[in-house]
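Report on the structure
So the chains spell out like this:
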Amino acid sequence: MARLRKQLPAHLGAGELRCRGFSGPVDYEIQGDPATLRLGPLRLRGSLTATPEVAAEAFRAGEAELKLQDGGAFRITLLGHSAGSNVAYFEMRV
């Protein structure tokens, strides 16, 4: 019998991205609640939406800081981006 994974709630908002070459507003979607994230190996995945140039620049930087709408700040590691897309995918940790 197939085991179903629990779907994490989506956390949406507008935040500020800071990485090498860019600092400015982006929209984000995080799978799970960032408030539950603690030190350790646990990470949450998400995506950010900006202009295609900003998404590509963030992906090239590799790491950034994302300040959420509620004021929390998290380090993110950019995992993926398609050329010409306005979306970049990331993992976040404390």
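Read on for a plain summary of the structure. Source: prediction; values computed, not measured. (Residues numbered from 1 in each chain as written. Predicted model: local features only at pLDDT ≥ 70, side-chain atom pairs only at ≥ 80, totals over all residues. Heavy atoms only, no water.)

1. Details of the sheet that holds strand S1 (residues 10-19)
Rules: If DSSP finds at least two bridges between two strands, the strands pair. Where helices and strands are cited, they refer to DSSP runs of H or I of at least four residues and of E of at least two residues respectively, numbered from the N terminus. Geometry is summarised by axes, namely lines fitted to C-alpha atoms with helices restricted to the contacting stretch, and by angles between N-to-C directions that run from 0 to 180 degrees. Should any heavy atoms of two residues lie within 4.5 Å, those residues are considered in contact.
Strand order in the closed barrel made by the six strands is S1-S2-S3-S6-S5-S4, with antiparallel pairing throughout. Strand-to-strand twist of the sheet, defined as the mean angle between neighbouring strand axes without regard to direction, takes the value 45 degrees. Where strand S4 (residues 63-67) and strand S5 (residues 73-81) come together, five bridges link them in antiparallel fashion. Within S5, the residue paired with Lys-67 across the bridge is Ala-73. Sheet strands touched by helix H1 (residues 52-61): S1, strand S2 (22-31), S4, S5 and strand S6 (87-93). Its angle to S5, the strand with the most contacts, is close to 100 degrees.

2. A word on H1
Applicable threshold: Burial here depends on accessible area, computed with a 1.4 Å probe over protein chains only, as a share of the maximum for the residue type. Under 20% is buried, over 50% is exposed, and the range in between is partly exposed.
Those residues of H1 that fall on the buried side of the exposure criterion are Val-54, Ala-55, Ala-56, Ala-58 and Ala-61. For H1, the elements touching its buried residues are S1, S2, S4, S5 and S6. Downstream of H1 by a residue or two, Gly-62 has a phi angle that is positive, lying close to 90 degrees.

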